[in-house]
Amino acid sequence: MISLINMIFSVLEYAIIIEVILSWVYANRTNQYIELLHKVTNPLLQPGRKIQERYFNNTMVDFSPIIALVIIMVLRKIVFSIL
């Protein structure tokens, strides 16, 4: 059970990292795998985008992946402390 939860958190972290790399390299091209990746990572990145829009509105760099990775790390610690 613990290894499954750890694997889910790791997959989410890797999905965010892949999303960031693809945003640099593979811009404006879509296929079914990238659409699936967007569907998985968009709910994770959305809170970070809202925070950035509210407090850092004029920045050109998207900090939402960093915020999402921090949130995932905090959630992982909370879940493992409960288990």
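On to the nonpolar core. In terms of nonpolar packing, the biggest core is built from 6 residues, these being I5, F9, I16, L45, A68 and I72. Sorting the residues of this core by element identifies α1 (2-25) and α3 (64-82) as the ones contributing at least two each. Broken down by element, the residue count for this core peaks at 3 residues, all from α1.

With that out of the way, let us pick up the packing of α1 against α3. Remark: α1 packs on α3, axes separated minimally by 10 Å, with the N-to-C direction vectors making an angle of 175°. It follows that α1 is roughly antiparallel to α3 by the angle criterion. Counting all contacts with α1, which are made through I2, I5, N6, F9, S10, L12, E13, I16 and V20, the residues of α3 involved are P65, A68, L69, I72, M73, L75, R76, V79 and F80. When its residues are assigned to classes, the contact of α1 with α3 shows 14 nonpolar, 2 polar and 2 charged.

Time to look at the side chain of Q52. As for its position among the elements, Q52 is in helix α2 (residues 32-55). On the accessibility criterion, Q52 (9% relative accessible area) is buried. Of note is the side chain of Q52, whose polar atom sits 2.9 Å from the backbone nitrogen of F63. Excluding residues within four positions of it along the chain, Q52 makes contact with N57, T59, V61, D62, F63 and S64.

A separate point is the packing of α2 against α3. One can describe the packing of α2 onto α3 by two numbers: an axis separation of 8 Å at closest approach and a directional angle of 120°. As judged from the angle between their axes, α2 and α3 are oblique. You can see that α2 and α3 cross each other, and the crossing is right-handed. Where α2 abuts α3, its residues L44, L45, G48, R49, I51 and Q52 lie against S64, P65, I67, A68 and I72. Tallied by class, the residues present in the contact of α2 with α3 amount to 7 nonpolar, 3 polar and 1 charged.

Attention now moves to a nonpolar patch on the surface. Together, M60, V61, F63, I66, V70, I71, M73, V74, L75, I78 and I82 make up an exposed nonpolar region whose accessible area comes to about 1,100 Å². Following the sequence through the fold, I66 ends up in helix α3.

Reading guide: rules and limits
- Residues numbered from 1 in each chain as written.
- Predicted model: local features only at pLDDT ≥ 70, side-chain atom pairs only at ≥ 80, totals over all residues.
- Heavy atoms only, no water.
- Core = buried A, V, L, I, M, F, W, Y, C linked by side-chain atoms within 4.5 Å.
- Buried < 20%, exposed > 50% of the residue type's maximum accessible area, 1.4 Å probe, protein only.
- Helix = DSSP H or I, 4+ residues; strand = E, 2+ residues; numbered from the N terminus.
- Axes fitted to C-alpha atoms, helices over the stretch in contact; angles between N-to-C directions.
- Parallel < 35°, antiparallel > 145°, perpendicular 65-115°, else oblique.
- Contact = heavy atoms within 4.5 Å.
- Nonpolar A, V, L, I, M, F, W, Y, C, P; charged D, E, K, R; others polar.
- Polar contact = N/O pair within 3.5 Å; in protein donor to acceptor, adjacent residues only side chain to side chain.
- Left-handed = near helix turned anticlockwise from the far one by under 90°.
- Patch = residues over 30% accessible without salt bridge, like charges linked within 9 Å, V, L, I, M, F, W, Y side chains within 5 Å.
- Areas by Shrake-Rupley, 256 points an atom, 1.4 Å probe, with all protein chains shown as cover.
- Salt bridge = Lys/Arg side-chain N within 4 Å of Asp/Glu carboxyl O.

Note that every value here comes from positions in space, so none of it alone points to a role or purpose.
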